[in-house]
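Coordinate inspection notes
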Amino acid sequence: MRAAVLGSPIRHSLSPCLHRAAYAAMGLGDWTYEAYECDEERLPGLLAGLTPRRGARGTAGDEEHGDAWAGLSLTMPLKRAVLPLLDTVSEPAVEVGGANTVVFREGRAHGDNTDVHGIERALAEAGVPAPRSAVVLGGGATAASALAALRNLGLHAATLLVRDPARAGETAEVAERLGVALAVETLDKLEAFLDADLVVSTLPGGAADAYAGRLARVPALFDVVYSPWPTAAASAVASAGGTVVSGFAMLLHQAVRQVELMTGRADVPLEAMRAAGEAELARRTAETGG
């Protein structure tokens, strides 16, 4: 069986490391997992090309190719672009307007979202209690998943801070579907919203560094960046005694759920995947001297 992660850029994805560690520990010696560079323009053709080989062994095309596709992991910029290309989409993926997982069953492509699960599990693992108030930095697909996770934790109002509110329309629509009252403000007003119980930064690597000094006062920070780690913001919060949750924890837990969905098995080895991911991150840090 084959699986892969698609996105652009994809070179530094940790997903192959995590999924391969799971396969090894689960005894799935005939499963493979690769990373493929794919943008929005190429996605329809790639999915169409997989059609004959979707699903379990024995489907049309297996005689020629010798294997079948179990599923795909999707990263930026494909999570929203994939939705109209799927046969079915789960309720969580519909709610957040994006699927990071495609599972092939009986020749059909089913979209799901495991990012929400990953965020919830990462917060729980770090001991972060259900927040009474939260601020989300950034307005992309991960911000939408963060709002869904916060809603699932019982929060029905949040503040979204972005550079340009005019570009936060899709995330505002997600909040409306979720039943979350969303206030949208600009990032330069961050200081006024730091009394929140939790700040979730979905900004790309380095983008939150300029706000590190101000973020130091928050009780808990979830920063979706995982390399390089810790970020300046995470270091500032930790030094001030706050709780910090890394993007690696989210990536790990969402990958565990992906493996469950693709294999149909519940015995997914969380700790083996964690160890493999941490070792790979350490190797990359040593290689770059960071």
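Here is a short report on the structure shown in this document. Quick caveat: nothing in here was measured; it's all calculated off a predicted structure.

1. Considerations on the overall build of the protein
Within the protein one finds 11 helices and 12 strands. Relative to the 2.2 N^0.38 estimate, which gives 19 Å for 290 residues, the radius of gyration of the protein is 19 Å and therefore close to what a compact globule would have. Considered along the principal axes of its C-alpha atoms, the protein spans approximately 60 × 40 × 30 Å. Across the 290 residues that make up the protein, the buried fraction comes to 52%. Summarising the internal contacts of the protein: among those between residues at least 6 apart in sequence, 62% fall at separations of at least 24. As presented, the protein carries roughly 12,500 Å² of accessible surface, and 52% of it is formed by carbon and sulfur atoms. Between the averaged position of the 25 positive side-chain charges in the protein and that of its 35 negative side-chain charges there is a distance of 1 Å.

2. Examining the pattern of salt bridges
Side chains bearing opposite charge may pair, as long as their charged atoms lie close to each other. Counted according to the given criterion, the structure contains 15 salt bridges. Here Asp115 makes a salt bridge to Lys79, at a shortest N to O gap of 2.8 Å. Separated by 36 residues along the polypeptide, Asp115 in helix α5 (residues 115-125) and Lys79 in the loop between β3 (69-74) and β4 (88-89) bring together distant segments of the chain. Note on Lys79: relative accessible area 8%, which makes it buried. Between Glu280 and Arg284 there is a salt bridge, with the nearest N and O atoms lying 2.8 Å from each other. Of the two residues, Glu280 and Arg284 are both situated in helix α11 (residues 270-288); the distance of four residues between them amounts to about one turn of the helix. As far as burial versus exposure is concerned, Glu280 and Arg284 are alike and both buried. Three or more residues are tied together by salt bridges with common partners; here these are Glu280, Arg283, Arg284 and Glu287.

3. Regarding the sheet that holds strand β5 (residues 101-105)
One open sheet holds the six strands; their spatial order is β2-β1-β3-β5-β6-β4, and the pairing between them is mixed. The open sheet has two free edges, formed respectively by β2 (32-37) and β4, since each of these has just one partner strand. Helix-sheet contacts for helix α1 (residues 15-26) involve β1 (2-7), β2 and β3, and the interaxial angle to β2 is about 170°. Lying over the sheet, helix α2 (residues 43-50) contacts β1, β3 and β5, oriented at roughly 165° with respect to β3.

4. Looking at the environment of Val128
Looking at the secondary structure, you find Val128 in the loop between α5 and β7 (134-137). Here Val128 falls in the buried class, since its relative accessible area comes to 14%. Along the sequence, Val128 and Ala275 sit 147 residues apart, while their C-alpha atoms lie 22 Å from each other. In contact with Val128, not counting residues within four places along its chain, are Leu123, Ala220, Thr243 and Val245.

5. Points about the layout of surface pockets
Put simply, the largest pocket is a space of about 1,400 Å³. What lines the largest pocket is a set of 44 residues, and nearest its centre among them are Met76, Thr142, Thr202, Pro204 and Val224. Counting only elements with at least two residues in the lining of the largest pocket, the list comes to β3, α6 (141-152), α7 (169-178) and α10 (247-263). No other element matches α10, which puts five residues into the lining of the largest pocket.

6. Regarding the side chain of Thr159
Structurally, the position occupied by Thr159 is in strand β8 (residues 157-162). Not counting residues up to four positions away in its chain, the partners in contact with Thr159 are Ala134, Val135, Val136, Leu182, Ala183 and Phe193.

7. Thoughts on empty space enclosed by the protein
Taken as a whole and judged by the stated rule, the model has one cavity of 30 Å³ or more. What lines the largest cavity is Ser201, Leu203, Pro204, Gly206, Ala207, Ala208, Asp209, Asp223, Val225 and Thr231. Grouping the amino acids of the lining of the largest cavity by side-chain chemistry returns five nonpolar, three polar and two charged.

Here is what the cut-offs are and how they apply
Residues numbered from 1 in each chain as written. Predicted model: local features only at pLDDT ≥ 70, side-chain atom pairs only at ≥ 80, totals over all residues. Heavy atoms only, no water. Helix = DSSP H or I, 4+ residues; strand = E, 2+ residues; numbered from the N terminus. Rg over C-alpha atoms; globule rule 2.2 N^0.38 Å. Buried < 20%, exposed > 50% of the residue type's maximum accessible area, 1.4 Å probe, protein only. Contact = heavy atoms within 4.5 Å. Areas by Shrake-Rupley, 256 points an atom, 1.4 Å probe, with all protein chains shown as cover. Lys, Arg positive; Asp, Glu negative; His and termini not counted. Charge placed at Lys NZ, Arg CZ, Asp CG, Glu CD. Salt bridge = Lys/Arg side-chain N within 4 Å of Asp/Glu carboxyl O. Pairing = 2+ DSSP bridges. Axes fitted to C-alpha atoms, helices over the stretch in contact; angles between N-to-C directions. 1 Å grid on protein atoms, 1.4 Å probe; cavity = no way out; pocket = protein on both sides within 12 Å on 5 of 7 lines; lining within 4 Å. Points joined across faces, edges and corners; volume = space filled by probe spheres on them. Nonpolar A, V, L, I, M, F, W, Y, C, P; charged D, E, K, R; others polar.

The quantities given are spatial measurements derived from coordinates; they are silent on function.
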